[in-house]
Amino acid sequence: MSAAHRAVPDVDHVVIGLGGIGSAAAYWLARSADDSRRRAPRVVGLERFALGHVNGASHDHSRIIRHSYHTPGYVRLARRAYDAWAAVEAELGESLIVRTGGVDLFPSDGAIRLAGYTSSMADVGVPFEVLDAAETMHRYPQFRLAADVTALFQADTGIAPAARGTAAHQRLAAARGAELYEARPVESLISDGAGEITVVTADHAYRTGSVVVAADAWTNELLAPLGVEIPLEITREQVVYYPTPALDDFAIGRFPIWIWMDDPSFYGFPVFGDLTAVKVAEDVGGRPTTARSRTFDPDLASLARQHRFLEQLLPGIPHGTPRVTTCLYTLTPDRDFVLDTVPGHPGVQVALGAGHGFKFASWFGRTLAERAVGGAADSDLVPFRFDRPALTDPSFVPNYMT
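Source: prediction; values computed, not measured. (Residues numbered from 1 in each chain as written. Predicted model: local features only at pLDDT ≥ 70, side-chain atom pairs only at ≥ 80, totals over all residues. Heavy atoms only, no water.)

## Things to note about the overall build of the protein
Convention followed: Strands are runs of DSSP state E lasting at least two residues, helices are runs of H or I lasting at least four, and both sets are numbered from the N terminus onward. As a reference, a globule follows 2.2 Å times the number of residues to the power 0.38, and the radius of gyration itself is taken over C-alpha atoms. Burial status follows relative accessibility: with a 1.4 Å probe on protein chains alone, a residue under 20% of its type maximum counts as buried, one over 50% as exposed, and anything between as partly exposed. By definition in these notes, contact holds between two residues if any of their heavy atoms fall within 4.5 Å. Only the protein chains shown count as covering a residue, and every accessible area follows the Shrake-Rupley method with a 1.4 Å probe.
Check the secondary structure of the protein and you find nine helices and 22 strands. Over its C-alpha trace the protein gives a radius of gyration of 21 Å, about what one expects of a compact globule, namely 21 Å for 402 residues. A principal-axis box enclosing the C-alpha atoms of the protein has dimensions of 70 × 45 × 45 Å. Taken over 402 residues, the protein has a buried fraction of 55%. Pairs at least 24 residues apart make up 75% of the contacts formed inside the protein by residues separated by at least 6 positions. Total accessible area on the protein stands at roughly 16100 Å², and carbon and sulfur atoms take up 52% of it.

## Considering helix H8 (residues 361–372)
Inclusion rule: For a helix, the expected span equals 1.5 Å multiplied by the number of residues minus one.
Counted at 1.5 Å a residue, the expected span for H8 with its twelve residues is 16 Å, and the 16 Å between its end C-alpha atoms agrees. Counting buried positions along H8 gives nine out of twelve residues, so the element sits mostly inside the fold. Among the residues of H8, those classed as buried are Ala-361, Ser-362, Trp-363, Phe-364, Gly-365, Arg-366, Thr-367, Leu-368 and Ala-369. Where H8 is buried, its residues meet helix H1 (20–30), helix H2 (72–92), helix H5 (162–175), strand S14 (211–213), strand S21 (338–341) and strand S22 (348–352).

## Remarks on unusual backbone geometry
Leave glycine aside and you will find that most residues have negative phi; peptide bonds, for their part, are mostly trans. In this model, Asp-263 is joined to Pro-264 through a cis peptide bond whose omega is 10°. Mapped onto the fold, Pro-264 is located in the loop between strand S16 (257–260) and strand S17 (265–268). With phi around 50°, Asp-216 is a residue other than glycine that occupies positive phi space. Inspection of the secondary structure puts Asp-216 in the loop between S14 and helix H6 (219–223). Assessed through its relative accessible area of 22%, Asp-216 is described here as partly exposed.

## Concerning the pairing of strand S11 (residues 188–191)
Our working rule: Any two strands with at least two DSSP bridges between them are considered paired.
Residues Leu-189 and Ser-191 line the buried face of S11, whereas the alternating positions Ser-188 and Ile-190 sit on a face that is not buried. With four bridges connecting them, S11 and strand S12 (residues 197–200) associate as antiparallel partners. Looking at the pairing, Ser-188 lines up with Val-200 of S12. The loop that links S11 with its antiparallel partner S12 comprises five residues; one of these, Gly-193, has a positive phi angle of about 80°.

## Section: the nonpolar core
This is how the line gets drawn: To form a nonpolar core, buried Ala, Val, Leu, Ile, Met, Phe, Trp, Tyr and Cys residues must be joined to one another through side-chain atoms within 4.5 Å.
Judged by nonpolar contacts, the single largest core of 69 residues is most densely connected at Tyr-267, Phe-337, Phe-360, Trp-363, Phe-364 and Phe-384. At ten residues, H2 tops the list of elements feeding residues into this core. If we ignore the near neighbours within four places in the chain, the residues touching Phe-364 are Ile-21, Phe-337, Val-338, Leu-339, Ala-351, Leu-352, Gly-353 and Gly-357. One finds Val-186, Val-199, Val-213 and Ala-217 within the second-largest nonpolar core, a separate group that totals 30 residues.

## Overview of the environment of Gly-347
Assignment of secondary structure puts Gly-347 in the loop between S21 and S22. Separated by 334 residues in the primary sequence, Gly-347 and His-13 place their C-alpha atoms 9.3 Å from one another. In this view, Gly-347 contacts Ile-197, Gly-209, Ser-210, Val-211 and Thr-341; residues no more than four positions away in its chain are not counted.

Right under this line is the structure:
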């Protein structure tokens, strides 16, 4: 350690990355003494950029939150995600999650099958409806659906406000004493393999026994000193805001969250956040990039592909000059999360949302905090371990469908 590094002893927890998941971790760690007789912990959060920056995956107005998932395990996690957000809302004193209702649209020959979603929700006891194309268009005449399209409707589907939700976690964490630092990138993560960890920045060295790495596209760069690399693909994605003359037709209450369940998969929102436009995006439609080399330029080929799709499905949307914003997906080969302790380095946890994690951000934070203070997580985390085949078998074929 150089003389420029000033040791700060007795930091209980260090969170690296203060996007959606990291900010949630800082908050839940800061409140981890609530249910015990422990003293209030000292929590330090370190962010490479400014708080609320647009370089990662947690900015913009909205993300989808839903129970409709392809496995019972994810449906159970979704229930816990709603519960975790409700706990944040209770402390915040204001609502965050906006329930709009949602339809997942399954063409009969699509790459994603309806049965896995209906059976998973039925297994967990989540109510839903299966609608034919005619009934879907009766409820939502904005759609133009072929007769072979089946819709899965779930009333609790809605919007998790991305930037606002992340800022809420940060605000509550700071109110509980967490020290959140922006523009403080981590230069090195040092572990003795026995539980003593030092997190080094340009002018500090934080000694601790608990680190949460929630750095998304920067994860492997941070784990490299520990001799660990996760097989990840980073893509630069874009969402598009379309100025639309009939905005009232796409207002909350008249128009749902929707997902086109095929390959390519598109999704969209009712009017929210930007009150002048309708937001639509393609899931995993972006090109590979890196955290250091990514650009913010629109992908015109992707934009044209999406425009052609919308002209068929939602002809009332594509009008005017669209506004494009970009984000990063950090994808595991199976698109399942990572939530585990780094092998050989007790006290170092990694959390990755795999391009669909924001709705689960507060659940991530609560679970990371439970594990950090020695409690038992209330969820099955086996699918998110480092030693699963998708992360250990070089022959594993990536599959990004969710």
